[in-house]
Amino acid sequence: VYAKIFKDQKAFSYCHIPSLSEVLDLVKASDKKVGLQIELKTDPNHPERSYSPAFLAQALVKLLKNKDLIDQVEVQAFDFRCLQEIQRLEPKIR
């Protein structure tokens, strides 16, 4: 779909989208305190298209705890269930 919209766009084999874990490693390596906004993407109208809010929240909270970045992150989501689950698991996450 997107290829038809952006016909002049060129792909580069050496470019990749970093994982969230890789991004968090860069934040940790910074000599400055970097704040992050992370948005969880789900579709309540089509739950089969993504992991459940509980699964996403659990995975994100575990990753943030492992990277010791709880205090540098704000989480956003249109699906309020994600935010409720994150608060249940780790109330310190904004």
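Scroll up to find the structure this text is about.
Each value, and the rule that gives it
- Residues numbered from 1 in each chain as written.
- Predicted model: local features only at pLDDT ≥ 70, side-chain atom pairs only at ≥ 80, totals over all residues.
- Heavy atoms only, no water.
- Phe/Tyr/Trp six-rings, centres within 6.5 Å; stacked < 30°, edge-to-face > 60°.
- Axes fitted to C-alpha atoms, helices over the stretch in contact; angles between N-to-C directions.
- Helix = DSSP H or I, 4+ residues; strand = E, 2+ residues; numbered from the N terminus.
- Parallel < 35°, antiparallel > 145°, perpendicular 65-115°, else oblique.
- Left-handed = near helix turned anticlockwise from the far one by under 90°.
- Contact = heavy atoms within 4.5 Å.

Draft legend 1. Region of the structure containing the packing of aromatic side chains. All told, the structure shown has two aromatic pairs when counted by the stated rule. Taking the centre distance of 5.5 Å and the plane angle of 50° together, the rings of Phe 12 and Tyr 14 count as tilted. Aromatic side chains Tyr 51 and Phe 55 sit 4.6 Å apart centroid to centroid with 25° between the ring planes, which places their arrangement in the stacked category.

Draft legend 2. Just the packing of helix H2 (residues 20–29) against helix H3 (residues 53–66), in detail. Look at H2 against H3: their axes get within 11 Å of each other, and the N-to-C directions meet at 30°. Comparing their axes, H3 and H2 come out roughly parallel. Like other packed secondary-structure pairs, H2 and H3 cross with a definite hand, here right-handed. Taking contact as the criterion, the partners of Leu 20, Ser 21 and Leu 24 in H2 are, on H3, Leu 60, Leu 63 and Leu 64.

Draft legend 3. Seen up close, the packing of H3 against helix H4 (residues 80–89). With their axes 8 Å apart at the nearest point, H3 and H4 run at an angle of 45° to one another. By the angle between their axes, H3 is oblique relative to H4. As for the relative orientation of H3 and H4, their crossing is right-handed in sense. On H4, the residues touching Pro 53, Ala 54, Ala 57, Gln 58, Leu 60, Val 61 and Lys 65 of H3 are Arg 81, Cys 82, Glu 85, Ile 86 and Leu 89.

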